[in-house]
Amino acid sequence: MKRRTISISLLALAMTMAMSTSAFAASPDEPLLSGSSTEQPEICYPTYVAQSEDGTELRKYYDLGPEDDPAGIPRSDFEQDGFHYTLTDLLKQELPEYEERLHTETVSVASKSKDMATVLSVLPEKKEFITEDGFTGTLTLKLESVQVEVSGYGSTTKEISATRTYPNLSDQDTQFIPKTIEQDGKTLTLQNIEWQTDNTATVDGYAMGDRYTAVATYTGSKTSSYVKGYTVTAEYSGTVSRIALNKVRYVAIFEGVCIAPVEEEPLEDIVPTDPPVQEPGEAPESFNWPVLLVPLGVIVAAGGGIGIALFMKRRRESDESEGDAE
């Protein structure tokens, strides 16, 4: 008996829950909530909007850069100026853009001389340039920026010589002749001696020289440096430009349908009417009974389940009391 009572109670509860779920089920038109959320792109705004004369077409132009996401272009329907607009097409085209800026370029060239005429001969007055990022233009030489520097030095060595005369020597002896001399900061070494007789004397009938002049030749080397060349630096300045394709134009085309205005009847023209008289034997107007019956069914089912449970409980108590009396 106890098991039967529990089974009947569970059955009544299950019926109640089933009817409650059917009555309060979500409408299929209601949006379902999702536990996951995706990041929405940033909304893009049109550069300008063009509308046809009759209002049946509206075009929105979006000029987007590389950092803009075209997914942010609105595509939903909207109403404007008495028309309902729906997106029919989204066009895409590369948008060339003209860019220009001031630019200064430094050049370096070689010159054999530092003379200004020679320097300017290697520096044209105007020159075409192309920058690393694709800008091109004709730049003009800035004369005040011209500088000339030595690019390098070289050296040469040559032989030098000098002559010294030493007169009135009593003998042709080299010990009286200096072995080195100094000239222009260079040390020269004795290379050769030529002897000349300055005076003769007669000895035993022979003429013999008794005074001499030494003509000494000294030699050495001299090293000198020279400029190999010059480096000329100068600046060219002017305007450079380019045609860049770093923008994209999107054209959103919307088709418009005229919205018919709703004419409201003036209040003074409204005449109150009596409710329709029901003829004998005529069926009354239909009433939406499901709206009323569904909640009532839930209440009846719940009450029935509770009543059955109470009845079985009392019966079980009555049987137990009769068993005790016996």
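Report on the accompanying structure.

Cut-offs and rules
- Residues numbered from 1 in each chain as written.
- Predicted model: local features only at pLDDT ≥ 70, side-chain atom pairs only at ≥ 80, totals over all residues.
- Heavy atoms only, no water.
- Helix = DSSP H or I, 4+ residues; strand = E, 2+ residues; numbered from the N terminus.
- Salt bridge = Lys/Arg side-chain N within 4 Å of Asp/Glu carboxyl O.
- Buried < 20%, exposed > 50% of the residue type's maximum accessible area, 1.4 Å probe, protein only.
- Pairing = 2+ DSSP bridges.
- Contact = heavy atoms within 4.5 Å.
- Polar contact = N/O pair within 3.5 Å; in protein donor to acceptor, adjacent residues only side chain to side chain.
- Patch = residues over 30% accessible without salt bridge, like charges linked within 9 Å, V, L, I, M, F, W, Y side chains within 5 Å.
- Areas by Shrake-Rupley, 256 points an atom, 1.4 Å probe, with all protein chains shown as cover.
- Lys, Arg positive; Asp, Glu negative; His and termini not counted.
- Charge placed at Lys NZ, Arg CZ, Asp CG, Glu CD.
- Phe/Tyr/Trp six-rings, centres within 6.5 Å; stacked < 30°, edge-to-face > 60°.
- Lys NZ or Arg CZ within 6 Å of the ring centre and 35° of its normal.

1. Overview of unusual backbone geometry
Negative phi is the rule for most residues except glycine; trans is the rule for most peptide bonds. Of note, the phi angle at Asp81 is positive, near 55°, even though the residue is not glycine. With respect to the element layout, Asp81 can be found in the loop between strand S3 (78-80) and strand S4 (83-111).

2. Re the pattern of salt bridges
If you walk through the whole model with that rule in mind, you get five salt bridges. Glu57 serves as the salt-bridge partner of Arg59, at 3.1 Å between the closest nitrogen and oxygen. For Arg59, a relative accessible area of 28% corresponds to the partly exposed category. Taking the relative accessible area as the measure of exposure, Glu57 reaches 33% and is therefore partly exposed. Note that Arg249 is salt-bridged to Asp63, the shortest N-O span being 2.8 Å. Of this pair, Arg249 sits in strand S9 (residues 206-258) while Asp63 sits in strand S2 (residues 57-64), and the two are 186 residues apart along the sequence. Accessibility expressed as a relative area gives 17% for Arg249, which makes it buried. Accessibility expressed as a relative area gives 22% for Asp63, which makes it partly exposed.

3. Topic: the pairing of strand S5 (residues 126-130)
The pairing of S5 with strand S6 (residues 136-169) spans five bridges and is antiparallel. Bridge pairing in S6 places Lys126 opposite Thr140. Where S5 folds back on S6, the antiparallel hairpin that results is connected by five residues, among which Gly134 adopts a positive phi of roughly 95°.

4. Some remarks on the environment of Glu128
Mapped onto the secondary structure, Glu128 falls in strand S5. Considered as a pair, Glu128 and Thr140 are twelve residues apart in the sequence and their alpha carbons are 9.1 Å apart. If we ignore the near neighbours within four places in the chain, the residues touching Glu128 are Gly137 and Thr138. Side chain to side chain, Glu128 and Thr138 meet in a polar contact 2.4 Å long.

5. Observations concerning a negative patch on the surface
Side chains of Glu42, Glu67, Asp68 and Asp69 sit close together on the surface and give a patch of like negative charge. Mapped onto the elements of the fold, Glu67 is located in the loop between S2 and S3. Relative accessible area serves as the criterion here: at 64%, Glu67 is assigned to the exposed category.

6. Considering the packing of aromatic side chains
According to the stated counting rule, one finds five aromatic pairs in the structure shown. A centroid spacing of 4.4 Å and a plane angle of 10° characterise the contact between Tyr48 and Tyr61, whose relative ring orientation is stacked. Of this pair, Tyr48 sits in strand S1 (residues 48-51) while Tyr61 sits in strand S2; the two residues are 13 residues apart in sequence, bridging distant segments of the chain. You can call Tyr61 buried: its relative accessible area is 14%. An angle of 70° between the planes, with centres 5.1 Å apart, marks the rings of Phe78 and Phe254 as edge-to-face. Here the residue Phe78 occupies a position in strand S3, and Phe254 occupies one in strand S9, the gap between them amounting to 176 residues. A residue is classified by how much of its surface remains accessible, and Phe78, at 18% relative accessible area, is buried. The structure contains a cluster of three or more aromatic residues connected by ring pairs, namely Phe78, Phe83, Tyr85 and Phe254. The ring of Phe78 carries Lys60 above its face, with NZ or CZ at 4.4 Å from the centroid. Residue placement shows Arg101 over the ring face of Phe135; its charged tip is 4.1 Å from the ring centre.

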